[in-house]
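Residue strings, one per chain:
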Amino acid sequence: MDFFNENHVNAAKDLLYKMADDQLIIGHRNSEWTGLGPILEEDIAFSSMAQDKIGQSEHLYNLLHELGEADADTVAFTRNANQFHCCQFVEFPIGEYDFSLVRHFLFDMAEYIRFEMLTGSSYENLARIAKKYKGEIKYHTMHANTWLQQLSHGNEESKARMQSALNDCWNLALGIFERGEYESVLNESGIFAGEAELQEKWLETILPLIEKAGLSVPEKSEWSPVYGGRKGFHTEFLQPLLTEMTEVYSIDPTAEW
Amino acid sequence: MSTTVIDSDFIREILLEVKDPEIPTISIVDLGIVTDIKVDGDAVYVQLTPTFAGCPALKIMEQMVRDRLAQEPGIAKITVETTFDKQWNTDMITDAGREALLKHGLAPPKHHEGYLELDVLSDTPCPYCGSRNTTLKSPFGPTLCRSLHYCNNCLQAFEGFKPVG
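Presented here is an overview of the structure given in this document. (Residues numbered from 1 in each chain as written. Chains lettered and ligands numbered in written order. Predicted model: local features only at pLDDT ≥ 70, side-chain atom pairs only at ≥ 80, totals over all residues. Heavy atoms only, no water.)

## A word on helix α2 (residues 40-66) of chain A
The end-to-end C-alpha distance of α2(A) is 40 Å, a good match for the 39 Å that 27 residues give at a rise of 1.5 Å each. Positive backbone phi, at 105°, marks A:Gly68, one or two positions downstream of α2(A). (Helix = DSSP H or I, 4+ residues; strand = E, 2+ residues; numbered from the N terminus. Expected span 1.5 Å × (residues − 1).)

## What to know about the packing of aromatic side chains
Scanning the model with the defined rule gives 11 aromatic pairs over all chains in all. With a centroid separation of 4.7 Å and 90° between ring planes, the pair formed by A:Trp33 and A:Tyr97 is classed as edge-to-face. Here the residue A:Trp33 occupies a position in the loop between α1 (6-31) and α2, and A:Tyr97 occupies one in helix α5 (residues 97-118), the gap between them amounting to 64 residues. Just as A:Trp33 is buried, A:Tyr97 falls in that class too. Measuring from centroid to centroid gives 6.2 Å for B:Trp88 and B:Phe161, while their planes differ by 75°, and the two rings are edge-to-face. (Phe/Tyr/Trp six-rings, centres within 6.5 Å; stacked < 30°, edge-to-face > 60°. Buried < 20%, exposed > 50% of the residue type's maximum accessible area, 1.4 Å probe, protein only.)

## Remarks on the environment of A:Trp223
Residue and element names in this part refer to chain A. Here Trp223 shows up in the loop between α9 (195-212) and α10 (238-245). Trp223 sits 53 residues away from Trp170 along the chain, and the two C-alpha atoms are 7.8 Å apart. The contacts of Trp223, once residues within four sequence positions are left out, are Trp170, Asn171, Leu174, Leu203, Val217 and Pro218. Within polar-contact distance, the side chain of Trp223 engages the backbone oxygen of Pro218 at 2.8 Å. (Contact = heavy atoms within 4.5 Å. Polar contact = N/O pair within 3.5 Å; in protein donor to acceptor, adjacent residues only side chain to side chain.)

## Here we look at the interface of chain B and chain A
With 26 residues of chain B at the contact, the number on the chain A side is 23 residues. In this assembly, chain B packs against chain A so that about 2,100 Å² is buried in total across both faces, 66% of it on carbon and sulfur atoms. Applying the counting criterion to the chain B and chain A interface returns one salt bridge. Across the pair A:Arg128 and B:Asp85 runs a salt bridge, and its minimum N-O distance is 3.7 Å. Taken together, the links from chain B to chain A amount to six residue pairs in polar contact (both at pLDDT 80 or more). Residue assignment for the side of chain B that touches chain A shows that the elements contributing at least two residues are α5 (118-122) and β7 (134-138) of chain B. Across the side of chain B that touches chain A, the residue classes tally to 16 nonpolar, six polar and four charged. (Buried area = accessible area lost by both parts, 1.4 Å probe. Salt bridge = Lys/Arg side-chain N within 4 Å of Asp/Glu carboxyl O. Nonpolar A, V, L, I, M, F, W, Y, C, P; charged D, E, K, R; others polar.)

## What about helix α3 (residues 58-70) of chain B?
Residues and elements named next belong to chain B. Relative to the 18 Å expected for 13 residues at 1.5 Å per residue, α3 spans 19 Å between its end C-alpha atoms, a close match to the ideal helical length. Among all positions of α3, only Leu58, Met61, Glu62, Val65, Arg68 and Leu69 are buried. Down the axis of α3, the sector holding all buried residues measures 130°, keeping them to one side. Exposed and facing more than 90 degrees away from the buried side of α3 are Lys59 and Ala70. (Arc of directions from axis to C-beta.)

## Quick look at the environment of A:Trp202
Residue and element names in this part refer to chain A. Positionally, Trp202 belongs in helix α9. Sequence-wise, Trp202 and Leu101 are 101 residues apart; in three dimensions their C-alpha atoms are separated by 17 Å. Excluding its chain neighbours within four sequence positions, the residues that come into contact with Trp202 are Leu106, Met109, Ala110, Ile113, Trp170, Ala173, Leu174 and Phe177. Reaching out from Trp202, the side chain makes a polar contact with the backbone oxygen of Leu106 at a distance of 3.0 Å.

## Quick notes on the sheet that holds strand β5 (residues 77-82) of chain B
Residues and elements named next belong to chain B. Read from one edge of the open sheet, three strands run β3-β4-β5, paired in mixed fashion. Of all strands in the sheet, those with a lone pairing partner are β3 (34-40) and β5, marking the two edges. Across the sheet, the mean angle separating the axes of adjacent strands is 10° when strand polarity is ignored. With six bridges joining them, strand β4 (residues 43-48) and β5 adopt parallel strand pairing. Residue pairing for β5: Gln47 is matched across the bridge by Glu81. (Pairing = 2+ DSSP bridges. Axes fitted to C-alpha atoms, helices over the stretch in contact; angles between N-to-C directions.)

## Some points on the state of the cysteines
In the structure shown here, the tally under the stated rule is zero disulfides over all chains. Take A:Cys169: it sits in no disulfide, and the sulfur closest to it among the cysteines is that of A:Cys87, at 11 Å. Of the residues examined, A:Cys169 reaches a relative accessible area of 0% and is grouped as buried. There is no disulfide at B:Cys151, and the cysteine sulfur nearest it, in B:Cys154, is 3.7 Å away. (Disulfide = S-S within 2.5 Å.)

Pasting the structure below:
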């Protein structure tokens, strides 16, 4: 990337790590519904989305490799929790289906908008990938919104569960947009407009859909974003996930299937 | 005795023999994932692009292309690469490709020209009886590129190759 100076490279890496780690971890969480989905179609849906997201993380790790980081498998499978840059939201256990669905809605909408913004990135290799991912994630957001609307307009119990899950998810979801140390570099170099703009666009998109579902987000005075994940501070849930995910790799790093 | 001229048309022709390992009726050329072919003397470069980032058949298809090219005596150097330089979408599937999908019992994706919402996916004619009286059961199916539908006319479940933008 000849337009990069060192500061740009570091900023791009920081951004890529966040996105790739988010994809890998939420992908792993999605896969935990395989075999357990409440109905067969949902089992398949979460399994498919898991496959999409883990595949997407791989190509993002490949971009990091181009910028001088270790190869995708090494980066994905050999780091400890404190070296991960995912937001805490994605590492929470799948919980009940309402929690997984609302997280899916809030997170995937943010992800879709992030990739939409990145289609115009000056970092061309990332822009190309973003164009591709946007088309794939579109199916994830359609799925999420369909269930949000259906269950919120289902019966009293389903609506109450969706509202309660939304309350539980809200501050965690705001943590997606934790500002990094390279916000201005990313913005000035045209790589990415930044987390603040992403959050704004996200709110503009999701609030009408939440209203349409007849649900409400907490009062603004109660908004308290859960930050830390982007800087390597994680919940107690991440390390066990990583340990499980890397079990085979730890036994035999050269294993193939 | 005729001599074969190895040019990009010739390469495209022989790659028609390389089929999608998950849908063996469609060639990778008709699927639209061969995005560039360059021939320089006895060196051949083929560029592929993924249908889906998480498609497990990617590496297999790269190898299938290498194996097929290696059978041609006039080719000494083979380079196969998967990139996102030109991003795949289902409008890149050729008419022959759409026929091939149908032959496999998969409803071909609707031309979407960039507009993709659930109503596009819902409007999928049955590959068995052709009826448009069908219901979308799920946008996710047995592989990343397929969706699940039900035909209310011939009362059969079927799969569609879903439109991707």
